Amino acid sequence: MNNVRAVTERGRELYAGRSREEREAERRERIVAAAVHLFATRDYDEVTVADVCAEAKVSKRYFYDHFLDRADLLFRVHTAQNAWLLDALVAAGPPSGTVEELVTPVMHTLTRLLREHPDRARVIYINAPRMEPRRRGLLREEAVLLGDLILRGGGTPPDQRLFERAVLALVAGATELIIEWVAEGFTEPAEELAGHLSAIAVATLAGTVT
């Protein structure tokens, strides 16, 4: 066998210098990248498994090695994009500060990342039908993360339930503003929206933490 195409190294079969596991991971990444692009630019019902495979340049056999069907792909892609965004927002929050000092860098990171990755933004906020239960669950996850961030400053909510509801209201309202911004094609500067979101956050949470 041509040892450029396939060789054995310490018991692992390599093809063009890559293991089977590496090739599988690379194909999965291509499928996900193709799905993000297609789900962002078309209606969900217009995207077929064949479309995703053609965009990713893989066969359907390889698609079904990783995903059950199109719905499973959408769920996994949507989950992964949200995890990517939330991880970045958690990392952007400073270890302590006032509410304004804590939320401002998070809002700026949020709008910057969405503007820099419009396909991901549309998958997260726009083109994810049949995901309403998941969306509502994510709102609550985001509210918990934001609440934890705000309490980094050492404050204490006099009324814990009021604080939790204020944070959830903030996250839900911010989500609607972001959906509008993404749907309109990011025409407003990201920094302007981030400033507005920060101001809204400070006003919404005023008096909920002492």
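This section reports on the structure supplied with the text. Starting afresh in each chain, residues are numbered from 1 along the sequence in its written order. For this predicted model, a pLDDT threshold of at least 70 governs which residues receive local features, and a threshold of 80 or more governs which side-chain atom pairs are given and counted, while totals over whole chains, interfaces and linings are taken from all residues. The basis for every side-chain value is the complete set of non-hydrogen atoms in the structure, without hydrogens or water.

### Some thoughts on the overall build of the protein chain
Strands here mean DSSP runs of E at least two residues long; helices mean DSSP runs of H or I at least four residues long; both are numbered from the N terminus. The helix and strand tally for the protein chain stands at 9 helices and 3 strands. Along the protein chain, from the amino end to the carboxyl end, the secondary structure elements read β-β-β-α-α-α-α-α-α-α-α-α. Throughout this description, buried means an accessible area under 20% of the type-specific maximum (1.4 Å probe, protein chains only), exposed means over 50%, and partly exposed covers the range between. Taking all 210 residues of the protein chain together, the buried fraction comes to 38%. Here the analysis covers contacts within the protein chain between residues at least 6 apart in sequence; of these, 69% occur between residues at least 24 apart. A total accessible area of about 11500 Å² is found for the protein chain, and carbon and sulfur atoms account for 53% of it. Note on definitions: a residue-residue contact is assigned when non-hydrogen atoms from the two residues lie within 4.5 Å. Methods summary: accessible areas were calculated by the Shrake-Rupley approach with a probe of 1.4 Å, and residue burial reflects only the protein chains presented.

### Some remarks on the environment of Thr 210
Locating Thr 210 in the fold gives a position in the segment after α9 (190-205). Using a relative accessible area of 66% as the deciding quantity, one classes Thr 210 as exposed. The spacing of Thr 210 and Pro 157 is 53 residues in sequence and 6.2 Å in space, taken between C-alpha atoms.

### Comments concerning helix α2 (residues 49-56)
Along α2, the residues classified as buried are Val 49, Val 52, Cys 53 and Ala 56. When α2 is viewed along its axis, its buried side chains cluster within an angular range of 95 degrees and face the same direction. Buried-residue contacts for α2 involve α1 (20-41), α3 (60-66) and α4 (70-92). Once α2 finishes, Lys 57 follows within two positions and takes phi at roughly 60 degrees, a positive value. Of all possible arcs, the one meant is that of the directions from the helix axis to the C-beta atoms.

### Quick look at the pattern of salt bridges
Salt bridges are counted wherever a side-chain nitrogen of Lys or Arg sits within 4 Å of a carboxyl oxygen of Asp or Glu. As enumerated under the stated definition, the model contains 5 salt bridges in all. Between Arg 112 and Glu 116 there is a salt bridge, and its shortest N-O distance comes to 3.3 Å. Here Arg 112 and its partner Glu 116 are both found in helix α5 (residues 99-116), 4 residues apart, which amounts to about one turn of the helix. With a closest N to O distance of 3.5 Å, Arg 161 and Glu 164 form a salt bridge. In this pair, Arg 161 and Glu 164 are both assigned in helix α8 (residues 160-183), 3 residues apart and thus about one turn of the helix distant.

### Concerning unusual backbone geometry
The phi dihedral of Lys 57 falls on the positive side, at around 60 degrees, and the residue is not glycine. The residue Lys 57 is located in the loop between α2 and α3 in this model. Although it is not a glycine, Phe 186 adopts a positive phi angle of roughly 60 degrees. Mapped onto the fold, Phe 186 is located in the loop between α8 and α9. By relative accessible area, Phe 186 is classed as buried at 6%.

### Regarding the packing of helix α6 (residues 118-125) against α8
The interhelical angle for the contact between α6 and α8, taken along N-to-C directions, is 130 degrees, at an axis separation of 10 Å. When the axis of α6 is compared with that of α8, the two are oblique. In this structure, α6 crosses over α8, and the sense of that crossing is left-handed. Residues Ala 121, Arg 122 and Tyr 125 of α6 pack against Thr 175, Ile 178, Ile 179 and Val 182 of α8. Note on geometry: axes are lines fitted to C-alpha atoms, helical ones only across the stretch in contact, with angles between N-to-C directions running from 0 to 180 degrees. Here roughly perpendicular refers to angles of 65 to 115 degrees, roughly parallel to angles under 35, roughly antiparallel to angles over 145, and oblique to all remaining angles. Crossings are classed by handedness, with left-handed meaning an anticlockwise turn of the near helix from the far one by less than a right angle and right-handed meaning a clockwise turn.

### Overview of the environment of Phe 163
Positionally, Phe 163 belongs in helix α8. C-alpha of Phe 163 to C-alpha of Gly 147: the two residues are 16 residues apart in sequence and 8.1 Å apart in space. Filtering out sequence-adjacent residues up to four positions away, Phe 163 remains in contact with Gly 147, Ile 150, Leu 151, Pro 157, Thr 208 and Val 209.

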